[in-house]
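# Report on the structure
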Amino acid sequence: MTTQPDHEIVVIGAGPGGIAAGALLKRAGIEEFTILERAGEVGGSWRDNSYPGISVDVPALIYQYSFARKADWPTAFPTGAEVQAYHQDVARRYGLYRHLRFHTEIVREVWDETHRRWALHTADNQVITARFVISAVGAFLRPRVDGIAGLDDFAGTVQRPAAWDHAHDMAGKRVAVVGTGASSVQITPAIAPEVGHLDVYQRTPVWCINKPNYPVPQWFQTALRVPGVAAALRGMMLLGLEPIARLATIMPLAVAIPLMAAFDAFTKRIYRKYVRRIIDDPEKAAALTPDYGPMAKRLTLSTGYLAAFNRDNVCLVTDDIERFTEQGIRTSDGTEHQYDVIVLATGYEMYTDPESYAEGAVIGRDGFDLGTFFRANGLQSYEGVALPGLPNRWMLVGPYSMADIGWHGLVETTASHAIRAIAEARRRRASVIEVSEEAHTAHHAEIRKRGQVLRHYIGTQNKGTHTYYLNSHGDTPYFRPAGALETRWRGRHFPFTDYHFDAEYQLPDRRVDAPVSHDQYLRRVE
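These numbers come from a predicted model, not from an experiment.

## Quick notes on the overall build of the chain
Helix and strand counts for the chain stand at 15 helices and 22 strands. C-alpha atoms of the chain, sized along the principal axes, occupy 70 × 50 × 50 Å. Across the 526 residues in the chain, those meeting the buried criterion constitute 56%. Treating the 57 positive side-chain charges of the chain as one cloud and the 60 negative ones as another, the clouds have centres 6 Å apart.

Shown next as structure tokens:
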């Protein structure tokens, strides 16, 4: 039995993934879709994060959609505001705003087997039904505080990277930045010149190298406007990385272990000298130098993070935080540090953590619970997008999906997979499409086999470093052990025999929403 749902296709989230899905649906000739967004604007993390110093740490040439290239970035690494404006421009260019439904937060997804559709429950107790669902929820789910007690006791101002209050003047204030990750290395040098005193609380030193953020010359911008030039440059970058990615998936551990050890020893020696050249104080330089390899945790780029510690008003604190207090922070040595402002640069709950998937939030066929499954079996997926037990549903940022240099390349690949599957289901008039257990099991076994070198490196050679590359199960689902070119090809050419198709239905009576063949789809999106 089938009945017409509220929407043929629902995309959950209007960040980079949701924009990619909407634009590629349009390019595939599919207009019958709605994008649900919890906030009031597109952009995702780039909408939410506007903290001082925010910018991209991937070159703009790579950090963009292949179907919406921008040649006139003013600098090699755009600011957060420039990236957000780019996302808004792409959404306007592809007419996505008329498909958007803002201030609609989905808190539960339940498969309705009787009617062959998804029931999407909103935070305000509404239910929206959809035949197909593309979850475009991003990688950074919720800000993490790491369970430090007493935050509510603090009488001063708390600033969070994802909810920065720009109206609060920090000039001359005593400020603490808690954390040394990607947001901290940007915030610290940005606010150091204006605050009275700044303490940076470090649990683990971070690899941080200078960001070569030079202006993009006019002649280069002109060259990038020539059809094919930007695509060729990006392609050469990916092609250059492909052999490295491939080698890492086939190298025996007996060969990889000594090579990784030698690589770590060499790079740590070079980096130690690099830090020492920048930092005046030898003790401070030693404290800022990691004792783990450069690939065990996210490498950061900054235009002044290390140099900020040469300032008289900036101090590095390596003592553990015992708790927040009314006046500031008490460290494990019993010292109470007084602050006017505390910046919580403590990172996010990530899609790579099994604990991030709440039990009861996504319920599929025969009571399949995504949160329960991940907790019991570890994170896994078919091609980073689908799972048996969740028919008519794909996720754009799923386990083992990252094989690209930037997020835009990733979500283009996964969105292409989802839309290709939806287009084929519509061509067959199938109301249900679900990846087979056999295809999923075979793919996950391949992923596990290919990823043994990466798991060994991150799991055993990082000296206990806290990193979202390694989750609570000892897995490394952030990375897909494959090259970007291979992953893109598979996203556009996976065999339809890996899916089950079932039950005919009548397509919506919209000419613009007519089904397309596989060949027609590829011509439109490539």
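## Notes on the packing of helix α7 (residues 253–278) against helix α13 (residues 452–460)
Where α7 contacts α13, the two axes come as close as 10 Å, and the packing angle between them is 40 degrees. On the basis of the axis angle, α7 is oblique to α13. Crossing of α7 over α13 shows right-handed handedness. Listed contacts from α13 to Leu253, Ala256, Ile257, Met260 and Asp264 of α7 are Gln452, Val453, His456 and Tyr457. Of the residues that constitute the contact of α7 with α13, the class distribution is 6 nonpolar, 2 polar and 1 charged.

## Quick word on the side chain of Ser401
Following the sequence through the fold, Ser401 ends up in the loop between β20 (393–395) and α11 (407–427). In this structure Ser401 touches Tyr351, Gly384, Leu396, Leu410, Thr414, Pro477 and Arg480, once residues within four positions along its chain are discounted.

## Here's the deal with the packing of aromatic side chains
Within this structure, the stated rule accounts for 29 aromatic pairs. Between the aromatic rings of Phe140 and Tyr348, the centroid separation amounts to 5.6 Å while the plane-to-plane angle is 55 degrees, which identifies the pairing as tilted. Remark: Tyr348 occurs in strand β18 (residues 348–350) and Phe140 occurs in strand β7 (residues 140–143); sequence separation between them is 208 residues. Ring centres of Tyr357 and Phe374 lie 4.9 Å apart, and the angle between their planes is 75 degrees; on these two criteria the pair is classed as edge-to-face. Of this pair, Tyr357 sits in the loop between β18 and β19 (362–363) while Phe374 sits in helix α10 (residues 370–377), placing them 17 residues apart in sequence. Phe374 gets classed as buried once you look at its relative accessible area, which sits at 0%. A connected cluster of aromatic rings, assembled from ring pairs, spans Phe140, Tyr348, Tyr351, Trp407, Tyr468, Tyr469, Tyr478 and Phe479.

## As for α10
Here α10 has its buried residues at Leu370, Gly371, Phe373 and Phe374. Angularly, the buried residues of α10 cover 165 degrees about the axis, an arc narrow enough to put them on a single face. Buried positions along α10 lie against β19 and β20. Capping the start of α10 is the job of one residue whose side-chain oxygen sits 3.0 Å from the backbone nitrogen of Gly371: Asp369. Positive backbone phi, approximately 85 degrees, marks Gly378, located one or two places after α10.

## Focus on the sheet that holds strand β14 (residues 321–324)
Pairing in this open sheet of 3 strands is antiparallel, and the strands run β14-β15-β16 from one edge to the other. Edge positions in the sheet fall to β14 and β16 (336–338), since each has one partner strand and no second. Sheet twist, expressed as the mean angle between neighbouring strand axes with direction ignored, is 25 degrees. Judged from the 3 bridges that link them, strand β15 (residues 328–331) and β16 form a sheet pairing that is antiparallel. Looking across to β16, one finds that Arg330 is bridged to Glu336.

## Re the pairing of strand β1 (residues 7–12)
By the criterion of burial, β1 is predominantly enclosed, with 6 of the 6 residues buried. Pairing between β1 and strand β6 (residues 127–135): 5 bridges, direction parallel. Residue pairing for β6: Ile12 is matched across the bridge by Ser135. Across 4 bridges, the pairing between β1 and strand β2 (residues 33–36) is parallel. Looking at β2, one finds that Val11 is bridged to Ile35. Crossover β1 to β2 through helix α1 (residues 16–27) is right-handed.

## Quick look at the nonpolar core
Generally speaking, a soluble globular protein has its nonpolar side chains buried in company with each other. Counting residues in hydrophobic clusters, the biggest one holds 122 residues, and the most contacted among them are Leu120, Trp394 and Tyr499. Per element, the largest residue contribution to this core is 9 residues, and it comes from α11. If sequence neighbours within four positions are ignored, Tyr499 has contacts with Tyr382, Val385, Ala386, Trp394, His417, Ala421, Ile433, Glu434, Val435, Ser436 and Phe494. Formed by 13 residues, the second largest nonpolar core is a distinct cluster that contains Leu151, Phe154, Tyr201 and Tyr339.

## Concerning the sheet that holds strand β10 (residues 197–201)
Judged by pairing direction, the sheet is parallel, and its 5 strands sit side by side in the order β8-β17-β9-β10-β13 without closing on themselves. Sheet topology places β8 (157–159) and β13 (314–317) at the edges, where each strand pairs with a single neighbour. With strand direction ignored, the average angle separating the axes of adjacent strands in the sheet is 20 degrees.

## Quick look at the pattern of salt bridges
Summed over all chains, the structure comprises 31 salt bridges. Across the pair Arg47 and Glu37 runs a salt bridge whose closest N-O atoms are separated by 3.1 Å. Here Arg47, found in helix α2 (residues 45–48), pairs with Glu37, found in the loop between β2 and α2; they are 10 residues apart in sequence, far enough to count as distant. Grouping residues by exposure puts Arg47 and Glu37 together as buried.

## Some details on unusual backbone geometry
In this structure, Glu383 is a non-glycine residue whose phi angle is positive, near 55 degrees. Structurally, Glu383 can be placed in the loop between α10 and β20. Positive phi is not limited to glycine here, since Tyr400 has a value of about 60 degrees. Summarising the element assignment, Tyr400 is placed in the loop between β20 and α11. Given the relative accessible area of 4%, Tyr400 is considered buried.

## With respect to the environment of Pro212
As for its placement among the helices and strands, Pro212 is situated in the loop between β11 (208–210) and α5 (218–224). For the pair Pro212 and Phe77, spaced 135 residues apart in sequence, the C-alpha separation works out to 8.2 Å. Apart from residues lying up to four places away in sequence, Pro212 is in contact with Ala76 and Phe77.

## Structural notes on the packing of helix α6 (residues 229–250) against helix α14 (residues 484–493)
As a packed pair, α6 and α14 sit with axes 8 Å apart at the nearest point and diverge in direction by 110 degrees. Compared by their axis directions, α6 and α14 come out roughly perpendicular. Only Ala484, Leu485, Glu486 and Arg488 of α14 make contact with α6, whose side of the interface consists of Arg234, Leu238, Leu239 and Glu242. Residues belonging to the contact of α6 with α14 are distributed by class as follows: 4 nonpolar, no polar and 4 charged.

What counts, and where the lines are drawn
- Residues numbered from 1 in each chain as written.
- Predicted model: local features only at pLDDT ≥ 70, side-chain atom pairs only at ≥ 80, totals over all residues.
- Heavy atoms only, no water.
- Helix = DSSP H or I, 4+ residues; strand = E, 2+ residues; numbered from the N terminus.
- Buried < 20%, exposed > 50% of the residue type's maximum accessible area, 1.4 Å probe, protein only.
- Lys, Arg positive; Asp, Glu negative; His and termini not counted.
- Charge placed at Lys NZ, Arg CZ, Asp CG, Glu CD.
- Axes fitted to C-alpha atoms, helices over the stretch in contact; angles between N-to-C directions.
- Parallel < 35°, antiparallel > 145°, perpendicular 65-115°, else oblique.
- Left-handed = near helix turned anticlockwise from the far one by under 90°.
- Contact = heavy atoms within 4.5 Å.
- Nonpolar A, V, L, I, M, F, W, Y, C, P; charged D, E, K, R; others polar.
- Phe/Tyr/Trp six-rings, centres within 6.5 Å; stacked < 30°, edge-to-face > 60°.
- Arc of directions from axis to C-beta.
- Polar contact = N/O pair within 3.5 Å; in protein donor to acceptor, adjacent residues only side chain to side chain.
- Pairing = 2+ DSSP bridges.
- Right-handed = clockwise from strand over helix to strand, strands pointing away.
- Core = buried A, V, L, I, M, F, W, Y, C linked by side-chain atoms within 4.5 Å.
- Salt bridge = Lys/Arg side-chain N within 4 Å of Asp/Glu carboxyl O.

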